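Overview (structure and organization)
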Amino acid sequence: MAVSWDETKQWTDRLCSGTGTWSGNLYDFYFRVYNKRIQDIKVPFEIENGLERVDDTPVHIAIREALANCLINADYHGRQGLVILKRQYEIIFANPGSFRIDIQDAISGGISDPRNGTLIKMFNLINIGERSGSGIPMIFSVWKKKGWKKPELDETFNPDRSILRLSLGAMKKRR
């Protein structure tokens with residue numbers, strides 16, 4: 001499920017696989033969610049090789065990676081579903097299932113142990129993900145270079161969930 005959240009209305013945009021209003025397949029889910037999540041991400045004007053406009057930023061790449069990781073590493077037999085929640089100043093990626101490697105090792109990189117090997121092959125075919133254990137360190141690096149709040153990577157148990165919180169820009173103080 002992908003949700004855009006508004007504190008006063010609970011959610012303002014919700015995408016669930018069981019509604020019957022779309023195919024419900026993982027490929028469509030990925031692109032629908034990705035396109036919704038990047039709508040507010042700024043794209044500065046940049047020309048590459050003097051001819052081509054660059055419409056992809058490191059933040060876009062990091063969000064693609066976070067979403068792919070969320071889908072690839074989800075325990076689809078778990079008790080809860082996948083939730084991607086966008087609030088005004090953050091995106092939360094939560095999937096059922098615990099980490100299969102130590103969280104600090106995931107942040108450091110170099111170790112890959114995807115839960116769903118077929119899904120990583122599917123994403124590799126569309127040039128998303130590399131199975132090199134570099135995705136999470138890249139996300140942390142992009143956020144550090146932007147000067148944004150460090151991503152939070154956590155897991156909870158019973159039921160098991162892996163959660164990645166990405167702040168978007170400078171966090172404003174809440175009232």
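Placed above this text is the structure.
The sections below set out a description of the structure shown in this document. Sequence order as written defines residue numbering, which begins from 1 separately in each chain. A pLDDT threshold of at least 70 governs which residues receive local features in this predicted model, and a stricter bar of 80 or more applies before side-chain atom pairs are shown or counted, although totals over entire chains, interfaces and linings include all residues. Values reported for side chains reflect all heavy atoms of the structure, with hydrogen atoms and water molecules removed beforehand.

In this section: the nonpolar core. Put simply, buried Ala, Val, Leu, Ile, Met, Phe, Trp, Tyr and Cys residues joined by side-chain atoms within 4.5 Å make one nonpolar core. To sort residues, take the accessible area from a 1.4 Å probe on protein chains only and compare it with the maximum for the residue type: under 20% means buried, over 50% means exposed, and anything in between is partly exposed. In this structure, F29, I63, L67, I84, F93, W143 and L153 are the most contacted members of the largest nonpolar core, which totals 39 residues. Helix and strand assignments follow DSSP, with helices taken as H or I runs no shorter than four residues and strands as E runs no shorter than two, numbered in order from the N terminus. Among the secondary structure elements, those contributing two or more residues to this core are helix 1 (26–37), helix 2 (58–72), strand 6 (90–96), helix 3 (103–108), helix 4 (117–125), helix 5 (135–146) and strand 8 (161–167). In this structure, F93 is in contact with I63, A66, L67, C70, V83, I84, S162, I163, L164 and L166, ignoring residues within four places of it in sequence. Contacts are assigned to residue pairs that have any heavy atoms within 4.5 Å of one another.

As a further point, take the packing of helix 1 against helix 2. Think of each axis as a best-fit line through the C-alpha atoms, taken over the contacting stretch in the case of a helix, with angles from 0 to 180 degrees between the N-to-C directions. Packing of helix 1 against helix 2 brings their axes to within 10 Å, and their N-to-C directions diverge by 145°. Our pair here, helix 1 against helix 2, has a crossing hand that is right-handed. Contacts from L26, F29, Y30, V33, Y34 and R37 in helix 1 reach H60, I63, R64, L67, A68 and L71 in helix 2. For the contact of helix 1 with helix 2, the residue count by class is 9 nonpolar, 1 polar and 2 charged. Note on convention: the crossing is left-handed when the near helix lies turned anticlockwise from the far helix by less than a right angle, right-handed when the turn is clockwise. Residues are grouped as follows: nonpolar covers Ala, Val, Leu, Ile, Met, Phe, Trp, Tyr, Cys and Pro; charged covers Asp, Glu, Lys and Arg; every other residue, Gly included, is treated as polar.

A few words now on the packing of aromatic side chains. Pairing of aromatic rings covers Phe, Tyr and Trp, the last through its six-membered ring, and needs centres within 6.5 Å; plane angles under 30 degrees mean stacked, over 60 mean edge-to-face, and all others mean tilted. For the coordinates displayed, the defined rule picks out 5 aromatic pairs. A centroid spacing of 5.1 Å and a plane angle of 65° characterise the contact between Y30 and F123, whose relative ring orientation is edge-to-face. Pair noted here: Y30 is in helix 1 and F123 is in helix 4, with a separation of 93 residues, a long-range link. For the pair formed by Y30 and F123, the shared burial category is buried. Linked through ring pairs, Y27, Y30, F31, Y34 and F123 together constitute an aromatic cluster.

Functional significance is not addressed by these values, which are geometric in nature.
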